Each structure stands twice: as C-alpha cells, then as structure tokens.
Amino acid sequence: MHLFHLSHTDLDGYSCQVISDHYFEKKNFYNSNYGPEVTARIKKIEDDIKNFGDKKGNLILITDIN
C-alpha cells in the first residue's frame, strides 16, 4: 500500500507525518496552508497516484486541514 499524506504546514501537521512515516514504507508527503492551496495539493496527489501509485492499493490521508 502506498500512502499519500496531506497535512498543514505547522508543527502538528508535520507531527502527523512523522507518525505516518513510522508505519508506512511507501509514502509521499504534501503540505498546504488553507484555501485554494489545499485544492492544488489534492490535484497534485491525484496526478502522483496516476504516476507512482501502488497497484495493490493507495491511501490518501488528510490531517490537520480545517
């Protein structure tokens, strides 16, 4: 399984990614502030899944984005 993790650009956002890093072998991390930047990062995740996604499954995790 491949993890695509989007989180906020603050300490609790990065902390969520530190924990995810411990549990997943294949992972891509993305960070965003609020507003239109979130939509842009989600589009980037969609593109990366097409290019780098795992055929056995992918997980999109969004944390600390209000």
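See the structure printed just above.
Note that the coordinates shown come from a computational prediction; the quantities given were computed from them, not determined experimentally.

What counts and what doesn't
- Residues numbered from 1 in each chain as written.
- Predicted model: local features only at pLDDT ≥ 70, side-chain atom pairs only at ≥ 80, totals over all residues.
- Heavy atoms only, no water.
- Pairing = 2+ DSSP bridges.
- Helix = DSSP H or I, 4+ residues; strand = E, 2+ residues; numbered from the N terminus.
- Axes fitted to C-alpha atoms, helices over the stretch in contact; angles between N-to-C directions.
- Contact = heavy atoms within 4.5 Å.

## Notes on the sheet that holds strand β3 (residues 58-63)
1) Next: Overall, parallel pairing links the 3 strands, which are arranged β2-β1-β3 in an open sheet. With partners counted over all chains shown, the strands left at the sheet margins are β2 (26-32) and β3, one partner each. Between one strand axis and the next, the sheet turns by 15° as a mean value, whatever way the strands run.
2) Next: The pairing of strand β1 (residues 2-8) with β2 spans 7 bridges and is classified as parallel. Looking across to β2, one finds that Phe4 is bridged to Asn28.
3) Next: Against the sheet, helix α1 (residues 11-23) touches β1, β2 and β3, its axis set at about 165° to β1.
4) Next: Against the sheet, helix α2 (residues 36-52) makes contact with β1, β2 and β3, and its axis sits at roughly 160° relative to β2, the strand it touches most.

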